[in-house]
Amino acid sequence: MASIIRFEHISKSFSGVRALDDVSFDIETAQVHALVGENGAGKSTLMNILSGLLTQDAGSIIYKGAETKIGTPAAARKHGIATVFQELKNCDNLTVAENIFLGREYKNGIRPDWRGMNEKAQEILDSYGIDVDVRASLHSLSVAQKQIIEIAKAIDLNADVLILDEPTSALTVNETKHLFENIRRLKEQSVTIIFISHRLDEIFEIADVISVLRSGQYLGTHKAADVSANDIIRMIAGKDLMTQYASVADRDFISPKKVLEVSSLSRTSLVRDVSFSLFEGEILGFYGLQGSGRTELMETIFGTQKKTAGSIRVFDHDIQKSTSRKSIRGGLSMLMEERKTNGLFFNMSVNENIAIIHEGKISWHGVLNKRSMKRMASAYISQLSIRCSDQRQPVGKLSGGNQQKVALSRCLSTEPSILILDEPTRGVDVGAKAEIYEILRRLRKENHISMIVVSSELPEVIMLSDRVLVMHNGCITGELQGDEINEKSILQYAFNETGSNTHEEVSYESDKERARY
Amino acid sequence: MENALALKEKKNVFRMKEAGVLIALAILFLFFCLTTDSFLTAQNLLNILRQVSLLGIMTVGMTMVLVTGEFDLSVGSTFGMTGMLAGIFMTSGGMPVWLSILLGIAIGLGIGLVNGLLVTYAKIPSFIVTLGMLNVARGFALVVTGGLVVAVNDKTARDVAGIESFFFIGGGKVGEIPVMIFLFIAVIAVGFFLLHRTIIGFWMKAVGGNASAAKAVGINVNLVKITGFAILGALAGLAGIINLAFLTNVQGTTGQGMELNVIAATVIGGTSVSGGEGTILGAVIGVLLTGVLNNGLILIGASSFIQTICIGAVIIGAVAIDVWTRKKQ
């Protein structure tokens, strides 16, 4: 088979740090080529060079047989290279059709031809089975819908090469399935697809070949049929991590005492009549598709959002009007889902981020004591082995895994008895993931912390949880223990295959509510 | 170990955020030293300091408001209105000087509070709230005086004993140094302490950096923002009153357009308009830079029109340097 792209000795550095180091490999025509590696392995840098956002320091790209300098995104598009970025780049204030044709509008003389664009946009969306009104303004759509529209837009550019950077991170299982159908269709039309993902199951489902990068170096390309997930993980991490991923679940730690009791809790239509208990020493997993109300439930329990009905008991104390302050005093702590928007202060140092919650301990009559702030942070930095060059370094400059550990440190600094973790390993690379699992295991064993873990990654929920509660459409639809915990039964409850599927509608609503904050 | 640490600290001085403006200030300073004879004299330097004192007092407050991620356009009007009202209290109001001063500062604080409440609880963008307040306060000052001048002197003021010390605040000297400069330095010290050494300053940085995360850790975001506005309002009031003590008379238009100079100095000092970043040291350097520029341009005989152009160019240049250096990092 002919190769459409050949990378030859590509190197790129950022302020002295090598992001890509002499990378050479081929991408063949009409294949789905997966690119894997930890965060910071260089995948995005390489794709940014290919899509014209960056220019390599050394080396060249042979595109369709000729050495090609790409240089700008417009040039990349002209060459037939389209990219869907992980962080969506579209205009929320414009309509779906306007976004699809942004920069290449149909024109009637000097006037834009809205009708033509709307019709064409609807046609594109219909042909990909996307059920969205093209006249709807983009901010009324869910993240998943936006992602799919972005992909549809890239496809419509008649690209020869389509780069998809973590396209499924915000998609539900169904939407992912749909996306994959479209990818296969494009492949039949001889489009080459470069697929970046952290989810190995997806990679094995869709990719023909897999290339591995580690710390900026190319480690090899393998036919997906010839390697196992374990092989790939070993290559990505440079060590065998599967052994460390051994199940954290252990019922021996659980005592029959209830530390948290939620009864008939509701919050508008997002959380409906939810009741459950958390036992001392237990790790309780929560699974649900996007929009099922998991995060909304946790926010209500923790007190950052108001409940509309029901009761919450923490250690035999009824919590009437809960606020995050009160919850923390009561022994609760919560790791927020989106560390960038809800958790960390990227402008502030590691020390400050960890200590911020304790104004009493880090200040004396309102006067800050930086030394005690540092002392408090240092304890966690060594305990959770947070890697930073300087404790005064802004948190925004750390890697995703270390950022997450800083966020976790803050949660732990209140010495909670109950810890709610919402997506504890999102945007974290494989190595840091294993570390976080190990930390959770230790917290339960040594500090006897009871935990609720919310995750959209099935293997994570299965591996961590003693018991799993599955949510659908704001309600708890299933409870699984011990041997019952497996992918199939969890998904059955998550899709609520016995009941009616009103999931789409809910995800829509919850996104709207989220948009207000 | 101790040594290595010290080395690191030293290195950080040159890497400081303020380094860019500081270098610009040094270059300007040198330039005026070389091109004019009268620039580098104790008298002139003290002059510059005195001239920037009032601007500087407000810049300290503005830095805090910008750090919380908000904005205030009303300081010029607050400055004018408080000075005017304090003058009226002392003269036709017949109040003792100390009470007039306190009331004036309290009114400034009150305007800040109203700004803060409207921004936080009524959820109106600070740009709009303070643009409105700019007009309201200005109009109020004009209505109260009917467009006339309020003059404070030992004939108009009832509190004859107090008026002496009042004028000392504005025009007095300790040794060779104007009292106003001491007040400026005091405000810098208090501002530095508040923003960089207390929990409220720490929270200001947090709120400006990520308001929703601040909420999640239990910080009262609204209260922190209101505090910023109130401090700025009170400082604008203080500056307005010192201005009255210096000029001995004010009119309805006093301080018009001053908000822009305050914002300019703050931004030149490296404070981010998007919140979360900003230091008192930067504010002071920003203020000095505008002062040196204005003074030096007069000395080399440039017209006031040219000065305006230069200040404008410096604002853009300072922010451009800030953006570029940030990109490089």
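Residues numbered from 1 in each chain as written. Chains lettered and ligands numbered in written order. Predicted model: local features only at pLDDT ≥ 70, side-chain atom pairs only at ≥ 80, totals over all residues. Heavy atoms only, no water.

**Some remarks on the state of the cysteines**
Note the following rule: Disulfide: a pair of cysteine sulfur atoms within 2.5 Å of each other.
Applying the stated criterion across every chain, the model contains 0 disulfides over all chains. Unpaired in terms of disulfides, cysteine 33 of chain B finds its nearest cysteine sulfur in cysteine 310 of chain B, a separation of 17 Å.

**Overview of the interface of chain B and chain A**
Short version of the rule: The contact rule is simple, with two residues in contact once any of their heavy atoms fall within 4.5 Å. Note on terms: buried area is the combined drop in 1.4 Å-probe accessible area of two parts once they are placed together, counting the loss on both. The salt bridge criterion pairs a side-chain nitrogen of Lys or Arg with a carboxyl oxygen of Asp or Glu, the two atoms within 4 Å. Any N or O atom pair separated by 3.5 Å or less is treated as a polar contact, with the protein-specific requirement of one donor-capable and one acceptor-capable atom, and with residues adjacent in sequence counted only for side-chain atom pairs.
If you look at the interface, chain B gives 25 residues, while chain A gives 29 residues. Buried area between chain B and chain A, both sides added, is near 2100 Å², and the carbon and sulfur share of it is 56%. The largest share of the area that chain B buries against chain A comes from Ile199, Phe202 and Val217 of chain B, three residues that together contribute 29% of it. The interface formed by chain B and chain A includes 1 salt bridge. Glutamate 352 of chain A serves as the salt-bridge partner of lysine 205 of chain B, at 3.3 Å between the closest nitrogen and oxygen. Between the two partners, chain B and chain A, sit 11 residue pairs in polar contact (both at pLDDT 80 or more).

**Describing the packing of aromatic side chains**
Each aromatic ring pair is described using two quantities: the centre-to-centre distance and the angle formed by the ring planes. Applicable threshold: Only centres within 6.5 Å qualify two rings of Phe, Tyr or Trp (six-membered ring in Trp) as a pair; their planes then separate them into stacked at under 30 degrees, edge-to-face at over 60, and tilted for everything else. Partly exposed describes any residue whose relative accessible area lies between the buried limit of under 20% and the exposed limit of over 50%, with all areas from a 1.4 Å probe on protein chains only and scaled to the type maximum. In this description a helix means any DSSP run of H or I spanning at least four residues, a strand means any run of E spanning at least two, and both kinds are numbered starting from the N terminus.
Tallying each qualifying case throughout the model produces 10 aromatic pairs over all chains. The interplanar angle of 55° and the centroid separation of 4.8 Å between the aromatic rings of phenylalanine 101 of chain A and tyrosine 106 of chain A together place this pair among those described as tilted. Overall, tyrosine 106 of chain A belongs to the partly exposed group, its relative accessible area being 29%. When the centroid spacing of 5.1 Å and the interplanar angle of 70° are considered together, the rings of phenylalanine 276 of chain A and phenylalanine 286 of chain A count as edge-to-face. You can see phenylalanine 276 of chain A sitting in strand β14 (residues 271–279) and its partner phenylalanine 286 of chain A sitting in strand β15 (residues 283–288), a full 10 residues away along the chain. Relative accessible area serves as the criterion here: at 6%, phenylalanine 276 of chain A is assigned to the buried category. Taking the relative accessible area as the measure of exposure, phenylalanine 286 of chain A reaches 0% and is therefore buried. An aromatic cluster is present here, built from Phe29, Phe31, Phe32 and Phe39 of chain B joined pairwise through their rings.

**Let's talk about empty space enclosed by the protein**
The condition that has to hold: We place a 1 Å grid over just the protein atoms. Points where a 1.4 Å probe fits but has no way out form a cavity, open points with protein on both sides within 12 Å along at least 5 of 7 lines form a pocket, and any residue with an atom within 4 Å of a point lines it. Grid points are joined across faces, edges and corners, and a volume is the space filled by probe spheres set on the points. Nonpolar residues are Ala, Val, Leu, Ile, Met, Phe, Trp, Tyr, Cys and Pro. Charged residues are Asp, Glu, Lys and Arg, and all others, Gly as well, are polar.
Applying the stated criterion across every chain, the model contains 5 cavities of 30 Å³ or more. Considering only enclosed or pocket space, the largest cavity measures out at about 170 Å³ in volume. Around the largest cavity, the lining comprises 17 residues; the ones closest to its centre are Met334, Met336, Arg410 and Cys411 of chain A together with Val217 of chain B. Mapped onto the lining of the largest cavity, the elements with two or more residues apiece are β18 (332–335), α11 (339–343) and α15 (400–413) of chain A together with α10 (211–216) of chain B. For the lining of the largest cavity, the per-class residue count stands at 11 nonpolar, 4 polar and 2 charged.

**Examining the confidence of the model for chain A**
All names here are of chain A. Stated formally: For every residue, the predictor assigns a confidence score, pLDDT, that lies between 0 and 100.
Residue-level pLDDT values for chain A average 83, and 92% of them are 70 or greater. The weakest mean pLDDT in chain A belongs to helix α19 (residues 503–515) at 39; the strongest belongs to strand β22 (residues 450–454) at 94. Here residues 239–244 is modelled with pLDDT under 50, and outside its nearest four sequence neighbours on either side it reaches 11 contacts, counting other chains as well.

**Describing a positive patch on the surface**
Put simply, the rule reads: Patch criteria: residues need more than 30% relative accessible area and no salt bridge. Like-charged residues are merged within 9 Å; nonpolar side chains of Val, Leu, Ile, Met, Phe, Trp and Tyr are merged within 5 Å. A 1.4 Å probe and the Shrake-Rupley method give the accessible areas. Residues count as covered only by the protein chains that appear here. When charges are counted, Lys and Arg are positive and Asp and Glu negative, with His and the chain ends excluded. By convention, charge coordinates are those of NZ in Lys, CZ in Arg, CG in Asp, or CD in Glu.
A contiguous patch of positive charge, built from Lys306, Lys321, Lys326 and Arg329 of chain A together with Lys123 and Lys215 of chain B, is present on the exposed surface. By secondary structure assignment, the location of lysine 306 of chain A is in the loop between α9 (294–302) and β16 (309–314). Overall, the relative accessible area of 69% leaves lysine 306 of chain A in the exposed class.

**A few points about helix α9 (residues 199–209) of chain B**
Across the 11 residues that make up α9 of chain B, a large majority, 8, are buried. Taken together, the buried positions of α9 of chain B are Ile199, Gly201, Phe202, Trp203, Met204, Ala206, Val207 and Gly208 of chain B.

**Section: α15 of chain A**
Which entries qualify depends on this criterion: A helix's residues, less one, multiplied by 1.5 Å, set its expected span.
With 14 residues, α15 of chain A extends 20 Å from end C-alpha to end C-alpha; this agrees with the ideal 20 Å at 1.5 Å per step. Among the 14 residues that make up α15 of chain A, 14 are buried, leaving the element largely enclosed by the rest of the structure.

**Notes on the confidence of the model for chain B**
Across chain B, the average pLDDT comes to 89, with 93% of residues at 70 or higher. Across the assembled chains, the prediction reports ipTM 0.79 with pTM 0.74.

**Comments concerning the layout of surface pockets**
A water-sized probe rolled over the atoms picks out the places where empty space is left. Residue and element names in this part refer to chain B. In this structure, the second largest pocket spans a volume of roughly 670 Å³. Surrounding the second largest pocket, 26 residues form its lining, Gln51, Leu55, Met258, Asn261 and Asn294 being those nearest its centre. Taken together, the elements giving at least two residues each to the lining of the second largest pocket come down to α3 (42–67), α11 (221–247), α12 (258–268), α13 (280–299) and α14 (304–328). Sorting elements by how many residues they give to the lining of the second largest pocket places α14 first, with 6 residues.

**Things to note about the domain arrangement of chain A**
A common way to report how large an interface is uses the accessible area buried once the components associate. We count it as follows: In this document the domain limits rely on a domain assignment from an automatic tool or a database.
Looking at chain A, the domain boundaries give domain 1 (3–237), domain 2 (244–331 + 417–517) and domain 3 (342–415). When each unit is reduced to the centre of its C-alpha atoms, the spacing between domain 1 of chain A and domain 2 of chain A is 33 Å.

**Looking at the side chain of glutamate 299 of chain A**
Residue and element names in this part refer to chain A. In this structure, glutamate 299 sits in helix α9. At 3.2 Å, the side chain of glutamate 299 forms a polar contact with the side chain of arginine 267. When residues no more than four places from it in sequence are discounted, the contact partners of glutamate 299 are Arg267, Thr304, Gln305 and Met334.

**Quick word on the pattern of salt bridges**
Residues and elements named next belong to chain A. For the coordinates displayed, the defined rule picks out 23 salt bridges over all chains. Its salt-bridge partner being lysine 257, residue glutamate 280 comes within 3.9 Å of it at the nearest N-O pair. You can see glutamate 280 sitting in the loop between β14 and β15 and its partner lysine 257 sitting in the loop between α8 (229–237) and β13 (258–267), a full 23 residues away along the chain. Glutamate 280 sits in the partly exposed class, given a relative accessible area of 29%. A relative accessible area of 42% means that lysine 257 is categorised as partly exposed. With a closest N to O distance of 3.2 Å, glutamate 438 and arginine 441 form a salt bridge. Taken together, the residues glutamate 438 and arginine 441, both in helix α16 (residues 430–447) and 3 residues apart, mark about one turn of the helix. Given the relative accessible area of 36%, glutamate 438 is considered partly exposed.

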